[in-house]
Amino acid sequence: QVQLVESGGGLVQAGGSLMISCAASGRTISTLMMGWFRQVPGKEREFVASISWRGGATSYADSVKGRFTISRDNAKNTLYLQMNSLKPEDTAVYFCAADPRWELPRSNENEYTYWGQGTQVTVSS
């Protein structure tokens with residue numbers, strides 16, 4: 001089993017930056033494809049970004065491309081999401097997810113087995 005715990009969420013002004021983290025335990029993340037999703041109350045969870053085992057390949061939703069950067073430190077068993085130029089529409093609960101079946105990035109939530117509990121990110125206008 002893999003436990004994922006997100007941290008670093010909070011309140012930030014529009015145009016600001018925030019980095020959120022996802023600490024994994026239970027096994028090494030070095031052979032887990034990992035990703036970030038987000039959800040607003042009343043809406044479906046949506047893909048944000050994903051990253052391959054060694055970090056050499058990434059995938060982003062069009063809405064965050066050029067503003068967000070996903071990265072990983074396998075030695076620290078931690079996944080990161082650096083969010084720049086934040087907009088009020090980025091406000092959501094951000095979830096970390098992982099799966100051992102795929103090496104390359106995936107964007108469908110059904111392709112992820114392990115999920116964290118989420119961290120709230122609020123962007124004020």
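Everything below is about the structure printed above this text.
A.B. asks: Please clarify how the overall build of the protein should be interpreted in this entry.
C.D. replies: Across its full length, the protein holds zero helices and 11 strands. Along the chain direction, N to C, the helices and strands of the protein fall in the order β-β-β-β-β-β-β-β-β-β-β. Here the protein has a C-alpha radius of gyration of 13 Å; the compact-globule value for 125 residues is 14 Å, and the two agree. In terms of overall dimensions, the protein has a C-alpha envelope of 40 × 25 × 25 Å along the principal axes. Looking at the protein as a whole, 43% of its 125 residues qualify as buried. Intrachain contacts of the protein at a sequence separation of at least 6 include 60% that bridge at least 24 residues. Roughly 6200 Å² of accessible area belongs to the protein as shown, and the carbon and sulfur atoms make up 47% of that amount.

A.B. asks: Just to check I follow, could you spell out the packing of aromatic side chains for this structure?
C.D. replies: Aromatic ring pairs are described here by two measures, namely the spacing of the ring centres and the angle between the planes. Following the criterion strictly, the structure yields four aromatic pairs and no others. Between Phe37 and Tyr112 the ring centres are 5.1 Å apart and the planes differ by 85°, which places this aromatic pair in the edge-to-face class. Pair noted here: Phe37 is in strand S4 (residues 33-39) and Tyr112 is in the loop between strand S9 (92-99) and strand S10 (114-115), with a separation of 75 residues, a long-range link. For the pair shown, Phe37 and Tyr112 are each scored as buried. Over the aromatic face of Phe95 sits the side chain of Arg45, whose NZ or CZ is 5.1 Å from the ring centroid. The ring of Trp102 is capped by Arg106, whose NZ or CZ atom sits 4.0 Å from the centre of that ring.

A.B. asks: Honestly, the sheet that holds strand S7 (residues 68-73) in this entry has me stumped. Any pointers?
C.D. replies: Strands in a sheet are paired, the pairing made by backbone hydrogen bonds, and the direction either parallel or antiparallel. Pairing in this open sheet of four strands is antiparallel, and the strands run S1-S3-S8-S7 from one edge to the other. This sheet does not close on itself; its edge strands, each paired only once, are strand S1 (3-7) and S7. In this sheet, adjacent strand axes meet at a mean angle of 15° when their direction is disregarded. Pairing geometry for S1 and strand S3 (residues 18-25), over five bridges, is antiparallel.

A.B. asks: So what exactly am I meant to see when it comes to unusual backbone geometry here?
C.D. replies: In terms of backbone geometry, most residues other than glycine have negative phi values and most peptide bonds are trans. Positive phi, close to 55°, is recorded for Asn77, a residue that is not glycine. Looking at the secondary structure, you find Asn77 in the loop between S7 and strand S8 (78-83). Phi at Ser85 takes a positive value of approximately 50°, unusual for a residue other than glycine.

A.B. asks: Honestly, the pattern of salt bridges in this entry has me stumped. Any pointers?
C.D. replies: If the charged atoms of two oppositely charged side chains come close together, the side chains can form a pair. Inspection of the entire model under this criterion finds eight salt bridges. A salt bridge links Glu111 to Arg106; its shortest N-O distance comes to 3.1 Å.

So, how was this worked out
- Residues numbered from 1 in each chain as written.
- Predicted model: local features only at pLDDT ≥ 70, side-chain atom pairs only at ≥ 80, totals over all residues.
- Heavy atoms only, no water.
- Helix = DSSP H or I, 4+ residues; strand = E, 2+ residues; numbered from the N terminus.
- Rg over C-alpha atoms; globule rule 2.2 N^0.38 Å.
- Buried < 20%, exposed > 50% of the residue type's maximum accessible area, 1.4 Å probe, protein only.
- Contact = heavy atoms within 4.5 Å.
- Areas by Shrake-Rupley, 256 points an atom, 1.4 Å probe, with all protein chains shown as cover.
- Phe/Tyr/Trp six-rings, centres within 6.5 Å; stacked < 30°, edge-to-face > 60°.
- Lys NZ or Arg CZ within 6 Å of the ring centre and 35° of its normal.
- Pairing = 2+ DSSP bridges.
- Axes fitted to C-alpha atoms, helices over the stretch in contact; angles between N-to-C directions.
- Salt bridge = Lys/Arg side-chain N within 4 Å of Asp/Glu carboxyl O.

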